[in-house]
Structures are given as C-alpha cells and as structure tokens.
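Working through the structure, step by step
Listed below, chain by chain, are the residues.
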Amino acid sequence: MSKSKIFLTIGWTMIFLAILFIFYAMHHPECSFVWSKKVTDMLYTFYVIVIIVMFVLSDATKEKKERNN
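Values in this document were obtained by computation on a predicted structure and should not be read as measured data. (Residues numbered from 1 in each chain as written. Predicted model: local features only at pLDDT ≥ 70, side-chain atom pairs only at ≥ 80, totals over all residues. Heavy atoms only, no water.)

**Overview of helix H1 (residues 3-27)**
Taking 1.5 Å of rise per residue, 25 residues should cover 36 Å, and H1 covers 36 Å from first to last C-alpha, within 8% of that figure. Along H1, the residues that are buried comprise Ser-4, Phe-7, Gly-11 and Met-14. (Helix = DSSP H or I, 4+ residues; strand = E, 2+ residues; numbered from the N terminus. Expected span 1.5 Å × (residues − 1). Buried < 20%, exposed > 50% of the residue type's maximum accessible area, 1.4 Å probe, protein only.)

Here it is as structure tokens:
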C-alpha cells in the first residue's frame with residue numbers, strides 16, 4: 001500500500017471516528033470531560049488539524065509519485 005493511500009485511509013478513518021463520537025455525544029448528554037472547555041476545544045482543534053494534514057500529505061505524496069513517473 002502506498003504512502004498516499006495510507007494517509008488517505010487514516011484521514012477518512014479519523015473523520016468516521018469523529019462522526020461516531022458526535023453521534024454518541026448527542027445521545028449521551030450526561031457524559032462530560034473532567035477538564036475545562038478550553039482544553040476540550042484545543043483537543044478538537046488539534047484533531048481537525050491532524051485530519052487536514054493527513055489529506056494534504058496524501059495529496060502531496062500522490063503528486064510526488066506522479067512527478068517521478
């Protein structure tokens with residue numbers, strides 16, 4: 001499996017897990033985190049940034065491979 005497909009798979013898996021988490025959170029409002037909202041927002045932001053990086057890396061490694069051929 002090429003690096004491009006690995007990054008793409010990781011990105012889509014992270015999006016799928018985020019959707020599952022949102023679905024769970026909507027149906028269980030009694031659950032909460034033990035830290036502040038600011039920390040939670042920072043974690044969510046980091047998660048979204050990692051997803052974006054995975055898609056960018058997927059595209060960058062694909063373009064690099066196409067240029068070498």
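**What about the packing of aromatic side chains?**
Per the counting criterion, the structure on display carries four aromatic pairs. An angle of 20° between the planes, with centres 6.3 Å apart, marks the rings of Phe-21 and Phe-33 as stacked. In this pair, Phe-21 is assigned in helix H1 and Phe-33 in the loop between H1 and helix H2 (37-68), connecting sequence segments twelve residues apart. One aromatic cluster is present, formed by Phe-21, Phe-33, Trp-35 and Tyr-44 through successive ring pairs. (Phe/Tyr/Trp six-rings, centres within 6.5 Å; stacked < 30°, edge-to-face > 60°.)

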